[in-house]
Amino acid sequence: MTARLLPHAAAAAMLLSVAACTVGPDFTPPKPIDKAGWNDPATNAVSQQTNPDPEWWSGFNDPVLTALIEKSIKGNLDLQQAVLRIIEARQGEVSARAEGLPTLGANGSYMRNQLGAKGILESKGAFDQVDNLKDKKTSKAIGGLLDQITQPADIYQYGLSVSWELDLFGKVRRSVEQAGAKAEAAAEATGDALVMLEAQVAQAYIQLRGAQALAASQQENVRISRDAFDLTQRRQRAGLATDLDVEQARTQLDTAQQQLPAFEKQVAQAMNSLSVLIGEPPGTVDPMVAKPAPLPKLPQVVGVGVPSTLARRRPDIREAEAQLHAATANVGVAVASFYPDISLTGNLGVRALDASYLTNWASHFYSFGPSVSLPIFEGGKLTAGLTLARAQEAEAALAYRGTVLKALQEVENALVAYRTDKIARDDAAETVKSAELSNYLARNRYEHGLSDFIQALDAERTLISARQQLVQADIALTNDIVALYKALGGGWEKKAGDITVPQIDPTPPPLPGALDTVAGDPTKPNPPKAD
């Protein structure tokens, strides 16, 4: 009989699957950004004809910076946490997909039952009727049989159970779609974390080299101030300068020396930041970067592409799109909750009062058939769930649009900052040239007694300030390039595969009381494989 039922059940399941539909809205990717070009006027160093270099840091031609970014990709702890979130999301997708597959389980049991049948028979007078039989042999035989029936019984049973939810209205399929979109969002979030990490490493490195440059500039200022102080002392001994000139020169020297520790602090803090960014304790990168070096050279041309391609490059926009996809699929899940759930269930096994009969086919049992569950009254729960899902979808759509607008703003701001800071840097360089000439002339006039010390001191202060401003302008301009690359979303395409993936053991633990298992040890059993 079972053999006759199975083909019919399989045929019915196939027909139901073919007739199944997927309710709820289908996801449509948002339209590309409708913007022909960037608002800020282009400069010779910015090109819209090419997209940003995925390995943009190589454009600085600084081997130390490249090495630090490579180390951070492999060792940064925040990035490894992001990778774990991808693994978590993908396992959620596997679990959602498993909901649409048949489940098969095995079971076995032993029970000793006392059903209380003797009391039932006595209450109906069964034993009295047996005792009143005229044929005493028959009465004794039936009484003995009743005694056996009313005694506690051992029941042995084992079998298989199968269940399959027929996804007629796409609830499982929408759940799988939602879980897949969440996994995609987690992957894009990791890409965004990678872009931010690369920018953080570059900015910390620029801060370090900038602080070293400022420290070197300040040391030069100290040397100049000391030379001025020595010169003033010699002129004072020769009667050509006053005590006031000497004290003013001494104050200038002390002031210059007092500023040195602040730059040394910036250098140490920047090195500590770099060590932590690569996933190591502070002090790890000191041998690599302790020796002062110039700021990284700026690339000659920065490819920025056009706004319409920004959504495909920036992982945060792609993440927002995946979140919108997940929210849209969740609406389908909520809609499908209004429809019936149809499942096919079956059981096949053997049951006996004696363990020796468990191999006898006459002791078998089975059950098979469909079950339907239809929501009739849920107190507004299903309607509230659908309203919530649609509100979340609308919120995700607004979040996507907000992410796009923020990305456009960041690029425009970075372009403006680069253009204006480039002008400021060129002006600062001209100011240094003018201050150097003024300082030379003022000091020469002072040495020849043609002017007082105040003029020479003012010219020296102006030169010191101009040099410091030029270094600050170089730092700002270099940071502008990094911020521009970060805003453009470059740096994740070719490097995502280099991220260190934390090791996860998928092997389930042994059952309580079971023998310890050692992988690869032939003397001990291996644990069961995960499904």
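Per chain, residue numbering runs from 1 following the sequence as it is written. Residues qualify for local features only when their pLDDT is at least 70, as the model is predicted, and side-chain atom pairs are given and counted only at 80 or more; totals for whole chains, interfaces and linings, by contrast, use all residues. Water and hydrogen atoms play no part in the side-chain values, which are based on all heavy atoms of the structure.

> An account of the overall build of the protein chain is requested, with residue identities and associated values reported.
Scanning the protein chain from terminus to terminus reveals 14 helices and 6 strands. We call a residue buried when its accessible area falls under 20% of the maximum for its residue type, exposed when it is over 50%, and partly exposed in between, using a 1.4 Å probe and counting protein chains only. Of all 531 residues assigned to the protein chain, the portion counted as buried reaches 37%. Throughout, a residue-residue contact means that at least one pair of heavy atoms, one from each residue, lies within 4.5 Å. Sequence separation of 24 or more characterises 84% of the internal contacts of the protein chain that already satisfy a separation of 6 or more. Note on areas: Shrake-Rupley, 1.4 Å probe, and residue coverage restricted to the protein chains presented here. Surface summary for the protein chain: the accessible area is close to 30,300 Å², and the carbon and sulfur share equals 57%. A helix here means a DSSP run of H or I that spans at least four residues, while a strand means a run of E at least two residues long, and both kinds are numbered starting from the N terminus.

> Could you give an account of the packing of aromatic side chains, naming the residues involved and the relevant values?
Stacked, edge-to-face and tilted are the three classes for Phe, Tyr and Trp ring pairs, Trp counted by its six-membered ring, which pair at centre distances within 6.5 Å; planes under 30 degrees apart are stacked, over 60 edge-to-face, the rest tilted. Using the criterion set out here, one finds 5 aromatic pairs in the structure. An aromatic cluster of three or more residues is present, and its members are Trp56, Trp57, Phe60 and Tyr485. Its end group placed over the ring of Phe365, Arg351 keeps NZ or CZ at 4.1 Å from the ring centre. Only Lys NZ and Arg CZ are tested; either one counts as a charge over a ring when it is within 6 Å of the ring centre and within 35 degrees of the ring normal.

> Describe the nonpolar core, naming the residues involved and giving the relevant values.
Residues belong to a common nonpolar core when they are buried Ala, Val, Leu, Ile, Met, Phe, Trp, Tyr or Cys residues joined through side-chain atoms within 4.5 Å. In terms of nonpolar packing, the biggest core is built from 61 residues, with Leu274, Val304, Val411 and Leu484 touching the most fellow members. Only α2 (63-75), α3 (77-98), α7 (171-237), α9 (260-277), α11 (310-313), α12 (315-336), α13 (381-447) and α14 (453-488) provide two or more residues apiece to this core. Core analysis: the next-biggest nonpolar cluster, separate from the first, contains 13 residues, Phe229, Leu231, Ala249 and Tyr446 among them.

> Before we move on, can you summarise α9 with the specific residues and values?
Given 3.6 residues to a turn, an α-helix orients residues that are three or four positions apart in the same direction. An expected span of 1.5 Å times one less than the residue number is assigned to each helix. For α9, with 18 residues, the first-to-last C-alpha span of 26 Å sits near the 26 Å given by 1.5 Å per residue. Within α9 the residues assigned to the buried category are Leu260, Phe263, Val267, Ala270, Met271, Leu274, Ser275 and Leu277. Phi turns positive, to about 85°, at Gly279, one or two residues after α9.

> Lay out the side chain of Asn439 with the relevant residues and their values.
Assignment of secondary structure puts Asn439 in helix α13. Using a relative accessible area of 12% as the deciding quantity, one classes Asn439 as buried. Throughout this description, a polar contact denotes any pair of N or O atoms lying within 3.5 Å of each other; where both atoms belong to protein, one of them has to be capable of donating a hydrogen while the other can accept it, and for residues adjacent in sequence the pair is counted only when both atoms sit in side chains. A distance of 3.4 Å separates a polar side-chain atom of Asn439 from the backbone nitrogen of Glu460. Apart from the residues within four sequence positions on either side, Asn439 is in contact with Ala456, Ala459, Glu460 and Leu463.

> So what about a nonpolar patch on the surface? Which residues, and what values?
Residues Val372, Leu374, Ile376 and Phe377 make up a contiguous nonpolar surface patch of about 540 Å² in total accessible area. Within the secondary structure, Ile376 is located in the loop between β6 (364-373) and α13. Like-charged residues are merged into a patch within 9 Å and nonpolar side chains (Val, Leu, Ile, Met, Phe, Trp, Tyr) within 5 Å, provided each residue has over 30% relative accessible area and no salt bridge. A pair is scored as a salt bridge if a Lys or Arg side-chain nitrogen falls within 4 Å of a carboxyl oxygen belonging to Asp or Glu.

> Mind laying out the sheet that holds strand β5 (residues 341-352), listing which residues take part and the relevant values?
As summarised here, the arrangement of the 4 strands in space is β2-β3-β5-β6, forming an open sheet in which the pairing is antiparallel. Both edges of this open sheet fall to β2 (103-113) and β6, since each of them pairs with a single strand only. For this sheet, the mean inter-axis angle between neighbouring strands, taken without regard to orientation, is 20°. Note on pairing: two strands pair once DSSP finds at least 2 bridges between them. Taken together, the 11 bridges between β2 and strand β3 (residues 153-166) define a ladder with antiparallel strand orientation. Across the sheet, the residue bridging to Thr103 is Ser163, located in β3. Every axis in this analysis is a line fitted to C-alpha atoms, fitted for helices over the stretch in contact. Angles between the N-to-C directions lie between 0 and 180 degrees.

> Any chance you could break down the packing of α7 against α12 for me, citing the residues and the numbers?
Running from N to C, α7 and α12 cross one another at 165°; their axes reach a closest spacing of 8 Å. Relative to α12, the element α7 is oriented roughly antiparallel. Pair α7 / α12 crosses with left-handed handedness. Considered class by class, the residues forming the contact of α7 with α12 number 10 nonpolar, 7 polar and 10 charged. We call two directions roughly parallel when the angle between them is under 35 degrees, roughly antiparallel when it is over 145, roughly perpendicular when it lies between 65 and 115, and oblique otherwise. Note: crossing handedness is left-handed where the near helix turns anticlockwise from the far helix by less than a right angle, and right-handed where it turns clockwise. When residues are grouped by polarity, Ala, Val, Leu, Ile, Met, Phe, Trp, Tyr, Cys and Pro land in nonpolar, Asp, Glu, Lys and Arg in charged, and all others, Gly among them, in polar.

> I'd love a proper account of empty space enclosed by the protein, names of residues and values included.
Put simply, the grid is 1 Å and covers the protein atoms alone, a cavity is a trapped set of points that fit a 1.4 Å probe, a pocket is an open set with protein on both sides within 12 Å along at least five of seven lines, and lining residues have an atom within 4 Å of a point. Grid points are joined across faces, edges and corners, and a volume is the space filled by probe spheres set on the points. Taken as a whole and assessed by the stated rule, the structure comprises 3 cavities of 30 Å³ or more. Quantified by volume, the largest cavity comes out at close to 90 Å³. Considering the residues around the largest cavity, the lining is formed by Ile224, Ala228, Leu231, Asn439, Arg443, Tyr446, Phe453, Ala456, Leu457 and Glu460. Every element with two or more residues in the lining of the largest cavity is listed here: α7, α13 and α14. The biggest single contributor to the lining of the largest cavity is α14, with 4 residues. Of the residues in the lining of the largest cavity, the class split is 7 nonpolar, 1 polar and 2 charged. Contributing to the lining of the second largest cavity are Glu165, Leu166, Asp167, Leu168, Phe169, Gly170, Lys171, Ala336, Tyr339, Pro340 and Asp341. When grouped by side-chain class, the residues that make up the lining of the second largest cavity number 6 nonpolar, 1 polar and 4 charged.

> Account for the pattern of salt bridges, naming residues and giving values.
Here the structure, examined in full by the defined rule, presents 14 salt bridges. A salt bridge links Asp26 to Arg174; the shortest N-O distance between them is 2.7 Å. With Asp26 in the loop between α1 (2-19) and β1 (46-47) and Arg174 in helix α7, the pair connects residues that are 148 residues apart, well separated along the chain. For Asp26, a relative accessible area of 59% corresponds to the exposed category.

> I'd like to hear about the packing of α3 against α7, residue by residue, with values.
In the contact formed by α3 and α7, the axes pass within 8 Å of each other and the chain directions differ by 170°. As summarised for this structure, α3 and α7 are arranged roughly antiparallel, according to the angle between their axes. Grouping the constituent residues of the contact of α3 with α7 by class yields 15 nonpolar, 4 polar and 5 charged.

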